[in-house]
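# Inside the fold
Listed below are the residues making up each chain.
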Amino acid sequence: MSPTSRPVLLLSDLHLPNTPSPLRARFLAFLEGPAREAAAVYLLGDLFEYWIGDAEGLADYAQEAAALRRLRDHGVPLYFQHGNRDFMLGAAFAREAGLQLLADPLIVDLAGTPTLLSHGDIWCTDDLGYQRWRRFSRNRLAQFIYRRLPRRWRQGVAGKARSGSTRKPAAILDVNPQAIARAFAKHGVSRIIHGHTHRPAVHALSVDGRKVERLVLSDWHDRYCEYLEVDAAGLRRRRLP
């Protein structure tokens, strides 16, 4: 396949644990299989279940870092947007794994269509508590202090953040329609692709008289691992065998 005919692959919300699991084996199979024929791979956040620092991440996910680097060295560009679980992933891991860190949101040309990519949590504006936490946790001073806490304390903070999200009403965990409409209007795109909500679907919308679409990526499970394939022929959801 020529580089111009290869598809772009997008995936999110794998939530890979830091202990051996079938899910991690499936991701390694993806990197050694379909990803090898891609024009680029976009990882739109929550690749990892949680992230307390690059030093620990490089130790816990050495196999994944090596496989990502092999894929990059094979000639496939790798792009990463931070999720709400792995927003602390930093430059050290990115260098080792060959990842290019992206802003969120970001417009990317996918097969000729300008597309707004995001993890998606920025549009869950009904969850006021999470949005306050998001603003605080992205603060550089807060991150500077967090990185210098003992590992046990950092794990405790990550655990509380994870458990807190499971106790919230389902209604506030989805994106806010007005926030999505504002994103379409602000960025002038006709397509948004994001993850985070674990509600895979394609939503056909109308914003200011324009027909637009919002595509939600699937989260991964041991028996269900899906990624999105985009090329000139369109968009297709693919499952790992």
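In this text the structure is predicted, and so the values were computed from the model without any measurement.

### As for the nonpolar core
If you look at the biggest cluster of nonpolar residues, it comprises 39 residues, and the most contacted ones within it are F27, F30 and V41. Of all the secondary-structure elements, those providing two or more residues to this core are β1 (8-11), α1 (22-32), β2 (40-43), α3 (62-73), β3 (78-80) and α4 (91-97). The leading source of residues in this core is α1, at five residues. Non-local contacts of F27, meaning those with residues more than four positions away in its chain, are made with L11, L14, L16, L43, L47, E64, L68 and W220.

### Topic: the layout of surface pockets
Considering only enclosed or pocket space, the largest pocket measures out at about 760 Å³ in volume. Lining the largest pocket are 35 residues, and of these N84, R85, Y130, W133 and A161 lie nearest its centre. Looking at the lining of the largest pocket, the elements that each hand over two or more residues are α5 (128-137), α6 (140-147) and α7 (151-166). Residue contributions to the lining of the largest pocket peak at eight residues, all from α7. Its residues assigned to classes, the lining of the largest pocket shows 17 nonpolar, eleven polar and seven charged.

### Quick notes on the sheet that holds strand β4 (residues 100-101)
Strands sit in the order β4-β3-β2-β1-β10-β11 across an open sheet of six strands; the sheet is mixed. Where the open sheet ends on each side, the last strands, each with one partner, are β4 and β11 (234-239). The pairing of β3 with β4 spans two bridges and is parallel. Paired with Y79 across the strands is Q100, a residue of β4.

### Structural notes on the pairing of β1
Of the two faces of β1, the one carrying V8 and L10 and the one carrying L9 and L11 are both buried. Two elements, β1 and β2, share four bridges in a ladder whose sense is parallel. Paired with L11 across the strands is L43, a residue of β2. On the question of chirality, the crossover connecting β1 to the parallel β2 by way of α1 is right-handed. Relative to strand β10 (residues 226-231), β1 is paired through three bridges, and the arrangement is antiparallel. Counterpart to L10 in the pairing with β10 is L228.

### Brief notes about α3
One turn of the α-helix equals 3.6 residues, which is why residues spaced by three or four share an orientation. Along its twelve residues, α3 runs 16 Å from first to last C-alpha, staying within 8% of the 16 Å computed at 1.5 Å per residue. For α3, the complete set of buried residues consists of E64, A65, A67, L68 and L71. For α3, the angular spread of buried residues about the axis comes to 165 degrees, placing them on one side. Those residues of α3 that are exposed and aimed more than 90 degrees away from the buried face are Q63 and D73. Elements in contact with the buried residues of α3: α1, β2, β3 and α4. Residue G75 follows α3 closely and has a positive phi angle near 110 degrees.

The rules behind the values
- Residues numbered from 1 in each chain as written.
- Predicted model: local features only at pLDDT ≥ 70, side-chain atom pairs only at ≥ 80, totals over all residues.
- Heavy atoms only, no water.
- Core = buried A, V, L, I, M, F, W, Y, C linked by side-chain atoms within 4.5 Å.
- Buried < 20%, exposed > 50% of the residue type's maximum accessible area, 1.4 Å probe, protein only.
- Helix = DSSP H or I, 4+ residues; strand = E, 2+ residues; numbered from the N terminus.
- Contact = heavy atoms within 4.5 Å.
- 1 Å grid on protein atoms, 1.4 Å probe; cavity = no way out; pocket = protein on both sides within 12 Å on 5 of 7 lines; lining within 4 Å.
- Points joined across faces, edges and corners; volume = space filled by probe spheres on them.
- Nonpolar A, V, L, I, M, F, W, Y, C, P; charged D, E, K, R; others polar.
- Pairing = 2+ DSSP bridges.
- Right-handed = clockwise from strand over helix to strand, strands pointing away.
- Expected span 1.5 Å × (residues − 1).
- Arc of directions from axis to C-beta.

Just geometry here; none of it tells us what the structure is for.
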